[in-house]
Amino acid sequence: MRNITDGSHLLSLTGRLVLFTAAAVSLYWASNKKSSKTSQLRYLLILQSSPFALLLLAFLLDWDSLEMVATLGGSDLPLFYRISAVWGGRAGPLLMWCGWMALGTFLLTKTKDAQNLSLRLCVGFTGTLLSISILLDPFAPSSGFSGQLNPLLQTDLMVIHPPVIFAFYSLCIIPALISVAGSILGLDQATIHQRTLPWSRAAFVVGTAGIGLGGLWAYTVLDWGGYWAWDPVETASFLPWIGLVAVLHARSQSDKRALASSPSIVIAVGALAMHATLVTRANGVWASVHSFAADGVGSESSDPYLRIVSLFGEGAAGVEVMTYLIITVLFGLAILRNLMKNQSAALSIQGRSSMRKTTPTLSIFLVTAVIIIGVLSGSVLLLSLSMGLMVLVIEGDGDDADPVWIFSGVALYLFASWSWMAPLSLSIMGMAVFLLPWVLSSPKDAEGIPIERLVNARSQNAFARSTPWFGAMGYLALTWMLLTAEIDGTSLEAHEVFGAPFVAALAIGLIFHSWGIRSNGKTGLFVVLGILLLSITSGLMSDKIALPGDADRYLTEELTRGQVSAFLLTLVIFSIPSSIGEMIRALRKSKTASASAPQFNRSNRGLRSVGSSIAHVGILLLLFGHVLTTTLVDRTDPSHLVTLVKDQPVEHEGYILTFTGLEILDSSDPGYGYSIADGLVRFHIDVADLEGEFINEVSPSILRFDTPSGAIIPRSEVDRVTQLDGDLMFILDIQQANRVITNMMMGEIDEVDRVGVTVYDLKGSHMVWFGWILLLIGGSLPMLSKRKLFIGPTD
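In this text, all values refer to a predicted model and were calculated from it rather than measured experimentally.

Participant: Which residues make up the overall build of the protein chain, and what values do they have?
Facilitator: Across its full length, the protein chain carries 25 helices and 10 strands. In the protein chain, buried positions account for 56% of the 795 residues. Nonlocal contacts in the protein chain, meaning residues at least 24 apart in sequence, comprise 75% of its contacts between residues at least 6 apart.

Right under this line is the structure:
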């Protein structure tokens with residue numbers, strides 16, 4: 001017995017020693033300016049990955065002398081799910097993140113022009129994560145108690161989805177640190193953009209894969225009946241992805257300031273990746289089905305960031321989330337520093353002075369007003385963003401206020417009113433404060449917008465190219481503010497309604513973009529205006545259109561789901577053919593050029609053109625499916641729930657459903673079909689059309705998980721009928737699941753003669769997944785170019 005105890009303590013001691021050594025050496029290397037030898041760094045990166053490798057091995061081999069393995073793992077778990085058990089606790093995902101960061105830093109050493117400072121920042125970031133892991137003590141010896149892995153983690157997709165998401169976060173953090181290093185070293189913004197662009201492309205693809213896999217997990221496992229519900233964690237992961245959309249379109253902007261601002265957006269992407277981790281792991285702040293590893297508690301503050309600060313006294317978990325918040329703030333300060341540096345350089349070249357120097361009294365008034373409004377709103381995010389924008393305003397040209405920052409501030413307060421972050425009166429005051437410098441600027445001759453520009457194909461194409469840049473920035477701000485306001489419950493309706501103008505702008509922009517600069521601008525303008533008029537008419541007359549789902553249900557007090565959906569679907573439907581045409585032309589051009597010049601096939605420009613056209617089609621198809629399966633479907637509507645009595649056909653949503661019986665299986669019974677859980681109850685339902693023609697049988701089930709404490713945890717298993725036009729989803733009512741479990745425990749299962757099931761007829765659901773695949777393909781193609789990113793080792 002003593003040998004076993006000694007062995008368990010030795011394993012725990014070894015793990016702790018490896019973790020402490022990795023953290024200490026990482027922080028020392030990062031703080032030492034002379035640390036520049038790539039050969040030394042290679043060994044350090046192996047050391048940084050070692051704690052995760054050791055913990056993963058402990059789960060795979062069921063070394064239950066460790067507390068994490070004893071409470072989350074077990075020899076009864078399939079080998080595949082022992083991997084997902086690693087991220088069932090707080091420390092596992094963190095150590096996995098360290099492994100990804102170590103791999104990313106190693107790849108950074110292989111890139112051309114890798115700066116020593118960027119390497120030190122990456123190593124220091126990983127060392128910080130390792131230091132947090134020490135506090136979480138992943139190698140603590142077992143206390144003798146065993147536990148149960150969350151049933152929702154015992155799925156194939158949960159083995160894949162978290163590692164992909166943390167790889168995504170790493171690919172966001174590394175270019176952000178490269179941008180910070182480049183800014184500190186005084187590199188020009190175009191050079192920084194060029195160095196971070198390959199990382200941003202990789203992050204976009206991996207992020208698309210990770211978010212999509214999360215949606216697929218929700219679609220196939222959770223009882224949402226859909227792939228997207230604006231859950232706080234999935235929304236937080238979506239924010240850096242939106243930022244990457246802007247970064248990848250920076251070079252196509254006609255205004256050179258977009259390219260100069262791109263490194264700052266890259267830093268913002270890194271900040272948002274940290275913020276996404278913060279949302280996931282600060283439980284008690286945002287409630288989410290994804291918060292498997294959180295154990296904190298929140299405060300009564302209505303602001304999420306003040307709640308996070310209140311977690312500081314909650315032990316290691318509190319220190320962890322506070323560290324993430326501090327890193328996010330530091331990234332924010334780096335963004336502001338970089339933008340101010342760019343403005344100062346531009347003013348110096350032009351021989352102009354900033355507003356702060358030319359009108360100091362006005363500058364003090366503007367800053368004071370923004371602070372007062374921010375404090376009165378009670379929102380830390382609104383105060384921080386408005387202060388940052390106002391600083392950029394007063395540090396800008398004193399005679400000609402930059403309209404970008406002015407109208408960004410106006411939009412910020414508009415979104416604040418939309419997201420209930422500030423009352424309308426306070427928002428109007430904030431808008432007025434930002435408009436004041438613009439009103440007081442030196443008067444200019446009123447130019448207006450000449451009609452020639454409106455009907456000029458080049459101007460229309462410039463508008464199309466600016467849509468993903470400005471649209472992504474605006475949509476990011478709106479979504480972030482809605483997320484901040486949703487700490488006590490997600491408002492799917494707000495996301496759908498307020499996001500509609502951005503979807504409409506995207507569809508119109510892609511129409512203009514697909515026509516190119518050689519089209520007839522006058523004809524194009526009138527066609528787009530006609531499409532827009534038709535879309536508005538479709539929305540107003542949506543009750544006359546046979547839309548699927550819950551078209552008559554209200555999203556707001558004035559707008560129905562059908563009105564919003566008909567407006568968007570009309571625009572998207574008209575933009576899809578033109579974008580498909582653009583994709584076909586790009587493919588033909590690539591094929592022709594490849595035949596005459598083989599090197600074109602893998603040139604940067606050729607693959608980027610083909611990839612972007614494929615991605616455009618993909619995002620439109622995904623949005624088409626999203627409107628049909630999310631905007632149009634009210635998952636709070638009780639009409640989707642139907643009670644079926646055994647052998648009594650019931651007509652529901654255009655189908656005839658018949659509950660034919662149930663079967664009870666134990667995990668040891670033949671035909672059980674699962675490698676997890678301890679038993680299941682399977683309900684058999686025949687599905688036929690209104691003519692009585694049999695379509696298929698579905699078998700929604702309840703898995704039974706027996707815990708060491710004697711409690712039983714049910715997990716509902718979704719089933720579906722896959723048809724050409726979409727999926728027909730069947731989800732067991734959770735109350736039904738609990739009743740059946742109770743009947744099973746009391747031996748009264750034969751008395752179950754009815755079943756409550758939620759049915760969603762998701763027309764167009766296939767478009768979501770088809771569009772997602774096209775996005776992955778389109779995003780991946782530019783990464784296959786011959787542009788050399790990696791080189792041999794250098795010091």
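Participant: Please provide a residue-by-residue account of the nonpolar core, values included.
Facilitator: In this structure, Trp97, Phe125, Ile173, Trp241, Phe331 and Met390 are the most contacted members of the largest nonpolar core, which totals 214 residues. The element contributing the most residues to this core is helix α7 (residues 156–185), with 16 residues. Excluding residues within four positions of it along the chain, Ile173 makes contact with Trp97, Met101, Phe125, Gly270, Ala273, Met274 and Phe331. Core analysis: the second largest hydrophobic core is formed by 20 residues, Val642, Leu657, Val681 and Val721 among them.

Participant: So, the sheet that holds strand β9 (residues 726–732): which residues are in play, and what are the values?
Facilitator: With antiparallel pairing, four strands are arranged side by side in an open sheet as β1-β10-β9-β8. Looking at which strands have only one partner, the edges of the open sheet turn out to be β1 (641–645) and β8 (719–723). Pairwise comparison of adjacent strand axes, ignoring direction, gives a mean angle of 25° for this sheet. The pairing of β8 with β9 spans five bridges and is antiparallel. Residue pairing for β9: Val721 is matched across the bridge by Leu728.

Participant: An account of the pairing of strand β7 (residues 712–717) is needed here, citing residue identities and associated values.
Facilitator: The sheet contact formed by strand β6 (residues 701–706) and β7 spans six bridges and is antiparallel. In the strand pairing of β7, Phe705 is matched with Ile713.

Participant: Explain the packing of helix α5 (residues 91–109) against helix α10 (residues 256–281) to me, using residue names and the numbers behind them.
Facilitator: Where α5 contacts α10, the two axes come as close as 12 Å, and the packing angle between them is 165°. One finds that α5 runs roughly antiparallel with respect to α10. At the point where α5 passes α10, the crossing takes the right-handed sense. Of the residues in α10, those touching α5 at Ala91, Pro93, Leu94 and Trp97 are Met274, Thr277 and Arg281. Of the residues belonging to the contact of α5 with α10, the class tally is five nonpolar, one polar and one charged.

Participant: So what about the side chain of Thr629? Which residues, and what values?
Facilitator: Positionally, Thr629 belongs in helix α23 (residues 604–631). Residue classification places Thr629 among the buried residues on the basis of a relative accessible area of 4%. Beyond its immediate stretch of four places on either side in the chain, Thr629 contacts Tyr227, Arg635, Leu762, Lys763, Gly764, Ser765 and Val768.

Participant: Help me get a handle on unusual backbone geometry, residues and values and all.
Facilitator: Here Asp137, not a glycine, exhibits a phi torsion of approximately 50°, which is positive. Along the chain, Asp137 turns up in the loop between α6 (116–136) and α7. The phi torsion at Glu653 lies on the positive side, around 50°, for a residue other than glycine. Looking at where Glu653 falls in the secondary structure, it is placed in the loop between β2 (650–652) and β3 (655–666).

Participant: I'd like a rundown of the packing of aromatic side chains, residues and numbers included.
Facilitator: Evaluated as defined, the whole model comprises 26 aromatic pairs. An angle of 80° between the planes, with centres 5.5 Å apart, marks the rings of Trp228 and Trp230 as edge-to-face. Comparing Trp228 with Trp230, the two get one shared label, buried. By the ring-pair criterion, three or more aromatic residues cluster together here, those being Phe204, Trp228, Trp230, Phe238, Trp241, Phe415, Trp418, Tyr475, Phe498 and Phe502. Sitting above the plane of the Tyr760 ring, Arg635 keeps its charged end 5.2 Å from the centroid.

Participant: So what about the pattern of salt bridges? Which residues, and what values?
Facilitator: Under the defined criterion, the tally for this structure stands at 16 salt bridges. Between Asp634 and Arg561 there is a salt bridge, and its shortest N-O distance comes to 3.7 Å. Of this pair, Asp634 sits in the loop between α23 and β1 while Arg561 sits in helix α22 (residues 561–596), and the two are 73 residues apart along the sequence. Classification of Asp634 as buried rests on a relative accessible area of 10%. Where Asp666 meets Arg704, a salt bridge forms, and the shortest distance between an N and an O atom there is 3.7 Å. With a gap of 38 residues between them, Asp666 in strand β3 and Arg704 in strand β6 connect regions that are remote in the sequence. A residue is classified by how much of its surface remains accessible, and Arg704, at 14% relative accessible area, is buried. One connected set of salt bridges, linked through shared partners, spans Arg90, Arg281 and Glu320.

Participant: Describe the pairing of β3, and please don't skip the residues or the numbers.
Facilitator: Here β2 runs beside β3; their pairing, made up of three bridges, is antiparallel. If you follow His652 over to β3, its bridge partner there is Tyr655. What sits between the antiparallel neighbours β2 and β3 is a turn of two residues, in which Glu653 has the positive phi angle 50°. Here β3 runs beside strand β4 (residues 679–688); their pairing, made up of 10 bridges, is antiparallel. Note that in β4 the partner of Leu662 across the bridge is Phe683.

Participant: An account of helix α20 (residues 492–515) is requested, with residue identities and associated values reported.
Facilitator: For α20, with 24 residues, the first-to-last C-alpha span of 34 Å sits near the 34 Å given by 1.5 Å per residue. Most of α20 is tucked away: 18 of the 24 residues are buried. Following α20 by one or two positions, Gly516 adopts a phi angle in the positive range, close to 75°.

Participant: Which residues make up the confidence of the model for the protein chain, and what values do they have?
Facilitator: When the pLDDT values of the protein chain are averaged, the result is 87; 90% of them are 70 or greater. Every residue in residues 292–298 is under pLDDT 50, and counting partners more than four places away or in other chains gives 28 contacts.

Participant: Tell me about helix α8 (residues 189–220), and please be specific about residues and values.
Facilitator: Residues lying three or four places apart along an α-helix face the same way, a consequence of the helix completing one turn every 3.6 residues. The terminal C-alpha atoms of α8, which comprises 32 residues, lie 44 Å apart, in line with the 46 Å expected from a rise of 1.5 Å per residue. Of all the bends in α8, the greatest, near 40°, is centred on Thr196, and the proline Pro198 appears no more than four residues after it. With 25 of 32 residues buried, α8 is to be regarded as a mostly interior element. In this structure Asp188 caps α8, since a side-chain oxygen of it lies 3.3 Å from the backbone nitrogen of Ala190.

Reading the values: rules and limits
- Residues numbered from 1 in each chain as written.
- Predicted model: local features only at pLDDT ≥ 70, side-chain atom pairs only at ≥ 80, totals over all residues.
- Heavy atoms only, no water.
- Helix = DSSP H or I, 4+ residues; strand = E, 2+ residues; numbered from the N terminus.
- Buried < 20%, exposed > 50% of the residue type's maximum accessible area, 1.4 Å probe, protein only.
- Contact = heavy atoms within 4.5 Å.
- Core = buried A, V, L, I, M, F, W, Y, C linked by side-chain atoms within 4.5 Å.
- Pairing = 2+ DSSP bridges.
- Axes fitted to C-alpha atoms, helices over the stretch in contact; angles between N-to-C directions.
- Parallel < 35°, antiparallel > 145°, perpendicular 65-115°, else oblique.
- Left-handed = near helix turned anticlockwise from the far one by under 90°.
- Nonpolar A, V, L, I, M, F, W, Y, C, P; charged D, E, K, R; others polar.
- Phe/Tyr/Trp six-rings, centres within 6.5 Å; stacked < 30°, edge-to-face > 60°.
- Lys NZ or Arg CZ within 6 Å of the ring centre and 35° of its normal.
- Salt bridge = Lys/Arg side-chain N within 4 Å of Asp/Glu carboxyl O.
- Expected span 1.5 Å × (residues − 1).
- pLDDT = per-residue confidence, 0-100.
- Bend = angle between axes of the 7 residues up to and from the residue.
- Polar contact = N/O pair within 3.5 Å; in protein donor to acceptor, adjacent residues only side chain to side chain.

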